[in-house]
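Listed below are the residues making up each chain.
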Amino acid sequence: MADAKDPADFFRDMLGQWERASNEIVGKMLQTSEFSRGMNNATTVSLKLQQAMHEQMTRFLAAANMPSREEVASLGAGMRALDERLARIEAMLIAATGGKPAAPDRPRPPRTRKPAPKA
Amino acid sequence: MAAAPPNLQLLEQMRGLVDRTLQRNIKGLEYFASPAPALGATPKDVLLTRGTLNLYHYRPLADEIYRVPILLVMATTNRGYILDMAPGQSFVEFLLRQGYDVFMMDWSPPRADEKHLRIEDYVLDFIPECLERVRTVTGEPDVTLVGYCFGGVLSTIYTALHADGPVKNLVTFTTPVDFTQMPMFQAWSDPRYFDVDRLVDTLGNVPPDLIFASFDMLRPAQRIAGNIRLWDHMWNDEFVKSYRMFDRWATDALPLAGEYFRQTTKELMWKNGLLHRSLQIGGRTVDIGAIAMPFLHVVAEHDHIIPYGASKPLVQMVGSTDKEEVVLKGGHISLVAGGNAIKRLWPRLDLWLQERSL
């Protein structure tokens, strides 16, 4: 908590007031349909550029007989999915054969707790 | 005792100022040189990892626990460690010490091949699978479901569709149902200007920068003022520690699965399908009135992300006879974590859960 005698308290109050006022004023501006239209137009332009760039790059990589980032990411995702599927099969096998799970069995507290009596 | 002469007071104040300025410089250097704080460190076992979904089981910290386990459902936009900050400031740790058996559904960034995930996948696949795991691990037929923010929306949709399911109690924190009451998000997703199809078709998954920027724009001056406050309090280790924890979490937004984002925008933001009971999930209409189990909704008085108006109708719509809405001081994040939560939400929730966890 700020010291009541701290001379910097004045600036802290000012900062708080500036923050509240700015949030309110700029917030109102951000809620206008003009801002929404402007922001979304900018997003659309950026997305179009991104798409054009992506298409160019894909064509270039295909011509150079190289995998695209998407293809590499998809390979990685496939490997991870395979890993997870194996883990699920392993867990099912353990459950089906009545074996013990790999994780160490920890002592389990009894599920008998009651709320403390009210004073 | 007589007060110190004015000259001495001024000298003391000047000494304090100089001392803090020196401390700011020293600690400011430490700030940039030191690593980010370790968060989400309460010991746990990972029971399930399936693409974006992770299911954790936290190790008990009490000798005797309540019968009914708790499954926390984290919001899909952010990491679950907001509910498990540093020791002594962790909601999960608090629940464990109070004698609850705690599980959490947390999210990793959806992979490129998960861009097709829809609300159906979360509600009809992920939540049921995790509930089944919890029941198997604990041997208990009942579970308390606790959802935070959009995790609350998913929990609400699930329980509305499975009113006779294994969920014994439903708790939601800051959960929106009336999306027209979120004016900023409404303006930015105005269907006249916002081409959600183009966005999703181009990007696949919605990048975290976009999610972070939209949260940040809700309070445009907050980041600048926050940085000035950080410099002002740089001498105060506790303040800096807390700032770093929350800042790290806030900037650690997750991407959203593309179809899930498209569906949320069209069905919830545009059509307000939860409030109008028009949302169709798996060919069934989601009627919140079907929820009949004990229900608690906790909302924050100064929530700038989910304003009170957006979450207010939830408790009225739920069909339960045992239902309650609690409005607590604080904001969207300080409701669940930090000093405010320790003082207000956590003990209040514990009190509500005790009798219903037997």
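Conventions used here
- Residues numbered from 1 in each chain as written.
- Chains lettered and ligands numbered in written order.
- Predicted model: local features only at pLDDT ≥ 70, side-chain atom pairs only at ≥ 80, totals over all residues.
- Heavy atoms only, no water.
- Helix = DSSP H or I, 4+ residues; strand = E, 2+ residues; numbered from the N terminus.
- Buried < 20%, exposed > 50% of the residue type's maximum accessible area, 1.4 Å probe, protein only.
- Areas by Shrake-Rupley, 256 points an atom, 1.4 Å probe, with all protein chains shown as cover.
- Contact = heavy atoms within 4.5 Å.
- Buried area = accessible area lost by both parts, 1.4 Å probe.
- Salt bridge = Lys/Arg side-chain N within 4 Å of Asp/Glu carboxyl O.
- Polar contact = N/O pair within 3.5 Å; in protein donor to acceptor, adjacent residues only side chain to side chain.
- Nonpolar A, V, L, I, M, F, W, Y, C, P; charged D, E, K, R; others polar.
- 1 Å grid on protein atoms, 1.4 Å probe; cavity = no way out; pocket = protein on both sides within 12 Å on 5 of 7 lines; lining within 4 Å.
- Points joined across faces, edges and corners; volume = space filled by probe spheres on them.
- Phe/Tyr/Trp six-rings, centres within 6.5 Å; stacked < 30°, edge-to-face > 60°.
- Pairing = 2+ DSSP bridges.
- Axes fitted to C-alpha atoms, helices over the stretch in contact; angles between N-to-C directions.

A.B. asks: Quick question: what am I supposed to make of the overall build of chain A here?
C.D. replies: When helices and strands are counted, chain A shows three helices and zero strands. The order of α-helices and β-strands along chain A, N terminus first, is α-α-α. Here chain A, with 119 residues, has 18% of them falling under the buried criterion. Only carbon and sulfur atoms are counted for the fraction: they give 64% of the accessible area of chain A, which is about 9600 Å².

A.B. asks: How should I be thinking about the interface of chain B and chain A in this particular structure?
C.D. replies: How big an interface is tends to be stated in terms of the accessible area lost upon association of its parts. With 52 residues of chain B at the contact, the number on the chain A side is 41 residues. Roughly 4300 Å² is buried in total at the junction of chain B and chain A, and carbon and sulfur atoms are behind 57% of that figure. Our count for the contact surface shared by chain B and chain A stands at five salt bridges. Applying the counting rule to chain B against chain A returns 17 residue pairs in polar contact (both at pLDDT 80 or more). Those elements that provide at least two residues to the side of chain B that touches chain A are α1 (6–33), β1 (44–50), α3 (119–138), α5 (183–188), α6 (196–203), α8 (222–232) and α14 (345–356) of chain B. Here the element with the most residues in the side of chain B that touches chain A is α8(B); it accounts for six residues. Across the side of chain B that touches chain A, the residue classes break down as 22 nonpolar, nine polar and 21 charged.

A.B. asks: What is the right way to read the layout of surface pockets from this model?
C.D. replies: Unoccupied space between atoms shows up once a probe the size of one water molecule is rolled over them. Roughly 1500 Å³ of internal volume is contained in the largest pocket. Together, 37 residues line the largest pocket, and Arg219(B), Gln222(B), Phe246(B), Ile333(B) and Ser334(B) are the ones closest to its centre. Listing elements by their share of the lining of the largest pocket, those giving two or more residues are α1 (9–30) of chain A together with α7 (208–216), α8, α9 (237–251) and α13 (339–343) of chain B. At seven residues, α9(B) tops the list of elements feeding residues into the lining of the largest pocket. Residues belonging to the lining of the largest pocket are distributed by class as follows: 14 nonpolar, 15 polar and eight charged.

A.B. asks: What am I meant to see in the environment of Ile291(B) here?
C.D. replies: All names here are of chain B. Considering the arrangement of structural elements, one finds Ile291 in the loop between β8 (284–285) and β9 (295–300). It is 19 Å that separates the C-alpha atoms of Ile291 and Asp125, two residues lying 166 residues apart in sequence. For Ile291, the contacting residues outside a window of four places in its chain are Thr156, Thr159, Ala160, Leu170, Val318, Gly319 and Ser320.

A.B. asks: Mind showing me how you'd approach the packing of aromatic side chains here?
C.D. replies: Two aromatic rings, taken as a pair, are described by how far apart their centres are and by the angle between their planes. Residue and element names in this part refer to chain B. Here the structure, examined in full by the defined rule, presents 14 aromatic pairs over all chains. Seen from their ring centres, Tyr56 and Tyr58 are 6.3 Å apart, and the 85° between their planes marks the pair as edge-to-face. According to the relative accessible area criterion, Tyr56 is buried, its value standing at 13%. By relative accessible area, which is 2% here, Tyr58 ends up buried. Here Phe185 and Phe215 contribute two aromatic rings whose centre-to-centre distance is 6.2 Å and whose plane-to-plane angle is 85°, an arrangement assigned as edge-to-face.

A.B. asks: For this particular structure, what's the right way to read the sheet that holds β9(B)?
C.D. replies: Note on sheets: strands pair through backbone hydrogen bonds, and any given pair is parallel or antiparallel. Residues and elements named next belong to chain B. Strands sit in the order β1-β2-β4-β3-β5-β6-β9-β10 across an open sheet of eight strands; the sheet is mixed. Strands at the two margins of the open sheet, each flanked by one partner only, are β1 and β10 (323–328). The sheet shows a mean angle of 15° between the axes of neighbouring strands, taken without regard to direction. Strand direction decides the pairing type here: β9 and β10, joined by six bridges, are parallel.

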